[in-house]
Amino acid sequence: MSKEAKLELDGKVYSLPTLTGSEGEKAVDVSTLRATTNYITIDDGYGNTGSCASKVTFIDGDQGILRYRGIPIEELAEKSTFVETAYLIIYGELPNAVELKRFSDLLGTHQFLHEDMKYHFEGFPTGAHPMAILSSMINAASCFDEGLMKWQWGKMKQFDVYVAKLISQVRTIAAYSYRKSHGLPLIYPKQNYKYTENFLHMLFSMPYEDFQLKPEVVKALDLIFLLHADHEQNCSTSTVRMVASSQANLFASCAAGVCALWGPLHGGANQAVLEMLADIHNSGDDGSKFITASKDKNSGKKLMGFGHRVYKNHDPRATIIKKACDDVLAKLHITDPLLDIAKKLEEAALKDSYFVERKLYPNVDFYSGIIMRAIGIPVEMFTVIFAIGRMPGWIANYKEIMDEPKSRIYRPRQIYTGKTVNHYVDLEARK
Ligand code: CMC
């Protein structure tokens, strides 16, 4: 029998139902509170608010656990690929051989953009940030597809095709964004390349010379995509759910996710980490001055790549990525002074009472930038890589909303703290 919570307000006691998730997480259901009591709940930054029930991803921030559809991230990182994991996240089960082939074939079939989209890329100035191009072009892709323009909410026979189109085309758009922002000719995807190989090809090949794909580079990038593939209700995923709840089409909803991801407190942190490390290096600091500054709220500095709203023990993705970083650098025979600074910063922060007391540990972004730099990904593309990786998670969350017969538009309340009734004053009478 489910428990009830008792709430006493203005001398009256109200019963509120509770819910327990499949991993024992508990919630008090306050959805009827306003109707029965005239009170709403308030939780700035949503730190204690469950906005939905979801079957996609489980995180236990205290234990440092992350599982996609129940499977630990460590197992997927070791045994799976990004494409297979994308299928798992979106459809809820690992694909069998036939399903995986069908999914991979669909990705291949839909990887080309409408040829006229090339002219839209031309409108962006050289030097435009690829995240701006990415979100704009995902949205613009709707204009080239009748099915997206006439999106039939919940009645989509072709939903699988749109899933494949988005996962495949986001990679093509991302590569074109980079080529455009550097004034380079666009390179078409190749049918015989796998997902991550094709991305590297479109990013780095030239019309007269194919990029030489190194297996360790392909593997490292595929792992980065996989580690970013979902992360439950974060800023961008909740944005996608918010937009989806209005029944906007899949591409429009995920384009909004790209915008939410861009900020330095979220996906933009990987770029910010590398810029921070480069600044420390260029200033001749060994990291100690920066650590001191990051503890001072007036300095305007934070130790980027540290801290997480949910993980308060360790971020399991950071553990995997740190090891991958050491492996890739060793295989490619690269020494990177920024990696040395990162390691020093981590060592110093983990011993420092400021970081220990606040439970601030390295997050996924702390080492991902160093791997990406080692394999030649330009720094302005770091957050774009995160966006490509996160697409399956956004799609799975979109699908949950679309498949839920009782889904309602997201519409939070607020506590108004502005002026009470006020009156219009004619311009000439204003001071
Ligand atoms: N450096 C220095 N101090 C920090 C840091 C940091 N990186 N992160 C948090 N703090 C301090 C913060 O100032 C606050 O101190 P006090 O209690 O004295 O006011 C305390 O720790 C709690 O921080 P918070 O800002 O209330 O925590 P939050 O849950 O609102 O924010 C966060 C989480 C990730 C935005 C934040 O830790 C941060 O800004 N980190 C740096 C940016 C970053 O690496 N972001 C990537 C997150 S992982 C990728 C993703 O999933 O998006």
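Please refer to the structure placed before this passage.
This section reports on the structure supplied with the text. Not measured: the values here are computed from a predicted model. (Residues numbered from 1 in each chain as written. Predicted model: local features only at pLDDT ≥ 70, side-chain atom pairs only at ≥ 80, totals over all residues. Heavy atoms only, no water.)

1. Some thoughts on the pairing of strand β2 (residues 12-20)
- Judged from the six bridges that link them, strand β1 (residues 4-9) and β2 form a sheet pairing that is antiparallel. Residue L7 lies in a different strand from β2, and its bridge partner there is Y14.
- The turn linking β1 back onto β2 is made up of two residues, and D10 within it adopts a positive phi angle of 50°.
- Strand direction decides the pairing type here: β2 and strand β3 (residues 26-28), joined by three bridges, are antiparallel. Of the residues in β3, the one forming a bridge with T18 is V28.
- Between β2 and β3, which follow one another and run antiparallel, lie five residues, and G24 among them has a positive phi close to 85°. (Pairing = 2+ DSSP bridges. Helix = DSSP H or I, 4+ residues; strand = E, 2+ residues; numbered from the N terminus.)

2. A short note on the pairing of strand β5 (residues 65-68)
- Relative to β5, strand β4 (residues 57-60) runs antiparallel, the two sharing four bridges. From the neighbouring strand, T57 faces β5, where its bridge partner is Y68.
- Taking the residues that link successive antiparallel strands as the turn, the β4-β5 hairpin has four residues, and the phi of G64 there is positive, at about 70°.
- As defined by bridge partners, β5 adjoins strand β6 (residues 71-72) across two bridges and the pair is classed as antiparallel. Looking at β6, one finds that Y68 is bridged to I71.
- Here β5 folds back onto β6 in antiparallel fashion, the turn holding two residues, of which R69 has a positive phi close to 45°.

3. Description of the side chain of S135
- As for its placement among the helices and strands, S135 is situated in helix α6 (residues 130-141).
- When near neighbours in sequence (up to four residues on either side) are disregarded, S135 contacts A255, V258 and C259. (Contact = heavy atoms within 4.5 Å.)

4. Examining the sheet that holds β3
- A sheet is described by the order of its strands in space; here three strands give the open sequence β1-β2-β3, paired in antiparallel fashion. Unpaired on one side and paired on the other, β1 and β3 mark the two borders of the sheet. Direction aside, neighbouring strands of the sheet carry axes that sit 30° apart on average. (Axes fitted to C-alpha atoms, helices over the stretch in contact; angles between N-to-C directions.)

5. Some words on the packing of aromatic side chains
- One pass over the full model with this rule turns up 20 aromatic pairs.
- Ring plane angle 70° and centroid distance 5.6 Å describe the contact between W153 and Y398, whose orientation is recorded as edge-to-face. In this pair, W153 sits in the loop between α7 (146-149) and α8 (159-181) while Y398 sits in helix α19 (residues 382-403), placing the two residues 245 residues apart along the sequence. Like Y398, W153 is buried.
- Taken together, the ring pairs connect W151, W153, F159, Y162 and Y398 into an aromatic cluster. (Phe/Tyr/Trp six-rings, centres within 6.5 Å; stacked < 30°, edge-to-face > 60°. Buried < 20%, exposed > 50% of the residue type's maximum accessible area, 1.4 Å probe, protein only.)

6. Considering the packing of helix α11 (residues 235-244) against α19
- Viewed as axis vectors pointing N to C, α11 and α19 meet at an angle of 35°, and their least axial separation amounts to 9 Å. Both α11 and α19 take part in a crossing whose hand is right-handed. Residue-level contacts link S236, T237, V240, R241 and A244 of α11 to R390, W394, N397, Y398, E400 and I401 of α19.
- Classifying every residue of the contact of α11 with α19 by side-chain character gives five nonpolar, three polar and three charged. (Left-handed = near helix turned anticlockwise from the far one by under 90°. Nonpolar A, V, L, I, M, F, W, Y, C, P; charged D, E, K, R; others polar.)

7. Digging into the site of the ligand
- Inspection of the region around the ligand gives 19 residues, with H266, K302, L303, G305 and R309 positioned closest.
- Y354 is positioned with one of its side-chain polar atoms (N or O) 2.9 Å from a nitrogen atom of the ligand.
- Within the side chain of R358, one N or O atom sits 3.0 Å away from an oxygen atom of the ligand.
- For the ligand, whose free accessible area comes to 940 Å², the fraction covered by protein is 75%.
- Split into classes, the residues belonging to the shell around the ligand amount to eight nonpolar, six polar and five charged.
- Lining the shell around the ligand are residues from two domains, each supplying at least three of them: domain 2 (72-267 + 384-403) and domain 3 (269-374). (Near = heavy atom within 4 Å. Polar contact = N/O pair within 3.5 Å; in protein donor to acceptor, adjacent residues only side chain to side chain. Areas by Shrake-Rupley, 256 points an atom, 1.4 Å probe, with all protein chains shown as cover. Domains from an automatic or database assignment.)

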